[in-house]
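Understanding the architecture of this molecule
Spelled out, the chains give:
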Amino acid sequence: MALQTETDRRHLERAVELARNGKGRVHPNPVVGAVIVKDGEVVGEGWHAEYGGPHAEVNAIADAGDMDLAGATMYVSLEPCCHEGKTPPCTDAITAAGIGRVVVASDDPSEKASGRGLGILRDEGIEIEVADAASPLAQQARQLNQAFRKHAKTGRPWVLFKSAMTLDGKVATRTGDSQWISGESSRVRVHQWRASVDAVAVGIGTALHDDPQLTARHLQGGDPSVRQPRRVVFDSTARLPVDSKLVAESSEVPLTVVVSRAAPRRRTNSLSAAGVDVVVAQGGNEPARVLSALDQLGALGINSILLEGGPKLAGAFLDAGEIDEIRLFLAPIVLGGRTARDPLEGVGAESISDALRALTLDCERVEDDLLISARVREW
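Residues numbered from 1 in each chain as written. Predicted model: local features only at pLDDT ≥ 70, side-chain atom pairs only at ≥ 80, totals over all residues. Heavy atoms only, no water.

Points about the pairing of strand β12 (residues 325-330)
Extensive coverage of β12 is indicated by the burial of five of its six residues. Note: strand β6 (residues 158-165) against β12, six bridges, orientation parallel. Bridge pairing in β12 links Ala-164 to Phe-329. Pairing analysis gives six bridges linking β12 to strand β14 (residues 369-375), with the strands arranged antiparallel. Note that in β14 the partner of Leu-328 across the bridge is Ile-372. (Buried < 20%, exposed > 50% of the residue type's maximum accessible area, 1.4 Å probe, protein only. Helix = DSSP H or I, 4+ residues; strand = E, 2+ residues; numbered from the N terminus. Pairing = 2+ DSSP bridges.)

The structure is reproduced here in structure tokens:
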């Protein structure tokens with residue numbers, strides 16, 4: 001339904017803004033913000049600040065101090081939880097505080113929460129209002145938790161594909177050279193993205209050619225406490241050398257190698273002995289194995305993946321329908337070359353009408369590069 005007043009919209013917008021404070025701090029929980037208003041005045045604000053800590057609603061109630069909240073309105077960016085987790089249900093705290101009305105920006109699609117919290121609050125006589133799902137404000141609230149929402153709905157991680165390409169759409173020369181197409185500031189941005197996701201994935205071609213670490217480095221201040229993503233290598237025949245940087249650092253930063261049933265047992269055993277987690281993806285083609293791998297990674301609690309390439313693996317993800325957002329750095333250089341690499345291979349669309357169309361498109365200048373961001377799916 002549409003919000004009743006401009007005041008409601010403004011306070012709910014503030015709750016969505018507060019939710020952003022939890023980004024990168026509350027995984028695997030969603031980010032949530034809450035505002036409490038009584039007699040036209042904001043009396044409490046809060047957000048979910050850390051995993052295992054109080055939720056936004058509880059923090060907002062605490063921020064109100066000793067004030068009598070009977071009849072007050074709470075604005076919250078995500079429907080309140082009603083289940084016991086690391087903390088008690090927020091519905092209990094809302095009811096106990098005497099809140100008379102709750103206005104919600106977006107739903108919680110997880111099986112243990114979806115609609116239940118609002119039903120409990122209604123049963124307690126609390127007025128409930130939910131923003132129109134098609135409204136910009138509801139869309140903003142959902143965008144804050146895309147990884148959480150996709151995992152809740154499908155069991156698979158949300159996938160962000162990133163690439164750096166030339167003006168003529170190439171990601172490597174005809175000899176395979178790709179370092180570096182994008183500038184230093186763009187590469188620092190990628191390290192920030194790595195620190196914000198659960199896993200970083202590449203194909204075996206990239207792993208063999210670059211011998212990468214795939215960790216989050218070069219961040220401002222060099223914070224050693226930054227959360228490192230799990231590294232994932234799609235390697236159908238288990239060719240990853242045990243003396244690679246990825247394997248050598250697997251005791252410090254987890255490494256998963258996704259193989260097919262065709263992988264030789266001696267190679268997978270060697271990787272396992274070196275501390276690597278080996279996942280066997282089922283399926284007769286690359287897109288099917290991508291889906292199988294994502295199901296298994298999602299079951300391990302991985303909500304989000306940064307897909308860094310190469311083109312063959314990226315094409316398999318696209319063919320599987322498992323790319324949710326694309327971020328491309330467009331560098332001011334031209335390579336040419338009939339055999340120079342494109343960012344996405346695979347089978348692709350047969351016709352323009354079958355093409356995957358972006359839902360949103362944003363551009364940002366990053367020094368000499370142009371960053372193009374496109375959301376292609378919404379959850």
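What to know about helix α2 (residues 56-63)
For an α-helix, 3.6 residues make a turn, and residues three or four places apart therefore share a direction. Buried residues of α2: Ala-56, Glu-57, Ala-60 and Ile-61, and no others. Taken around the axis of α2, the buried residues stretch over an arc of 135°, which confines them to a single face. At its buried positions, α2 is contacted by β1 (33-38), β2 (41-47), β3 (73-76) and α3 (90-97). Just beyond α2, the residue with positive phi is Gly-65, at close to 65°. (Arc of directions from axis to C-beta. Contact = heavy atoms within 4.5 Å.)

Describing α3
The set of residues buried in α3 consists of Cys-90, Thr-91, Ile-94 and Ala-97. Buried residues in α3, looked at end-on, bunch into an arc of 135°, giving them a common side. Buried positions along α3 lie against α2, β3, β4 (101-104) and α4 (116-123).

Topic: the UniProt feature "domain: CMP/dCMP-type deaminase" (unreviewed entry) in the protein chain
Within the UniProt annotation, "domain: CMP/dCMP-type deaminase" (unreviewed entry) is assigned to residues 6-129. A helix fraction of 31% and a strand fraction of 19% characterise residues 6-129, whose end C-alpha atoms lie 14 Å from each other. (UniProt positions renumbered as here; feature names shortened; annotations may be inferred.)

Considerations on the pattern of salt bridges
With the rule as written, the count across this model stands at 24 salt bridges. Among the salt bridges present, the one from Arg-194 reaches Glu-308, with a minimum N-O distance of 2.7 Å. Placement of Arg-194 in helix α7 (residues 184-196) and of Glu-308 in strand β11 (residues 304-309) is noted, with a sequence separation of 114 residues between them. Like Arg-194, the residue Glu-308 is buried in the burial classification. In this structure, Glu-286 and Arg-289 form a salt bridge, with 2.9 Å as the shortest nitrogen-oxygen distance. In this pair, Glu-286 and Arg-289 are both assigned in helix α11 (residues 286-299), three residues apart and thus about one turn of the helix distant. By relative accessible area, Glu-286 is classed as partly exposed at 26%. What makes Arg-289 buried here is its relative accessible area of 17%. Members of the salt-bridge network, linked through shared partners, are Lys-150, Arg-156, Asp-295, Glu-322 and Asp-324. (Salt bridge = Lys/Arg side-chain N within 4 Å of Asp/Glu carboxyl O.)

Some remarks on the sheet that holds strand β13 (residues 360-366)
Strands sit in the order β10-β9-β8-β7-β11-β6-β12-β14-β13 across an open sheet of nine strands; the sheet is mixed. Among the strands making up the open sheet, the edge pair consists of β10 (277-280) and β13. Direction aside, the axes of adjacent strands within the sheet are offset by 20° on average. Note that strand β7 (residues 199-203) and strand β8 (residues 230-234) share five bridges and pair parallel. Along β8, the bridge assignment pairs Val-202 with Val-233. Its contacts with the sheet put helix α12 (residues 311-319) on β6, β7, β8 and β11, and the angle it makes with β11 is roughly 135°. (Axes fitted to C-alpha atoms, helices over the stretch in contact; angles between N-to-C directions.)

Details of unusual backbone geometry
Among all residues save glycine, negative phi is the norm, and among peptide bonds the norm is trans. Cis geometry is adopted by the peptide bond preceding Trp-180, which originates at Gln-179 and carries an omega value of 0°. Of note, Trp-180 is situated in the loop between β6 and α7. Following Gly-309, the chain continues into Gly-310 via a peptide bond in cis, with omega recorded as 5°. Of note, Gly-310 is situated in the loop between β11 and α12.

Re the packing of α11 against α12
Between α11 and α12, the shortest axis-to-axis distance is 8 Å and the interhelical angle comes to 80°. In terms of their interaxial angle, α11 and α12 are classed as roughly perpendicular. Between α11 and α12, the contacting residues are Glu-286, Pro-287, Val-290 and Leu-294 on the first element and Ala-316, Phe-317 and Asp-319 on the second. Among the residues making up the contact of α11 with α12, the classes are represented as five nonpolar, no polar and two charged. (Parallel < 35°, antiparallel > 145°, perpendicular 65-115°, else oblique. Nonpolar A, V, L, I, M, F, W, Y, C, P; charged D, E, K, R; others polar.)

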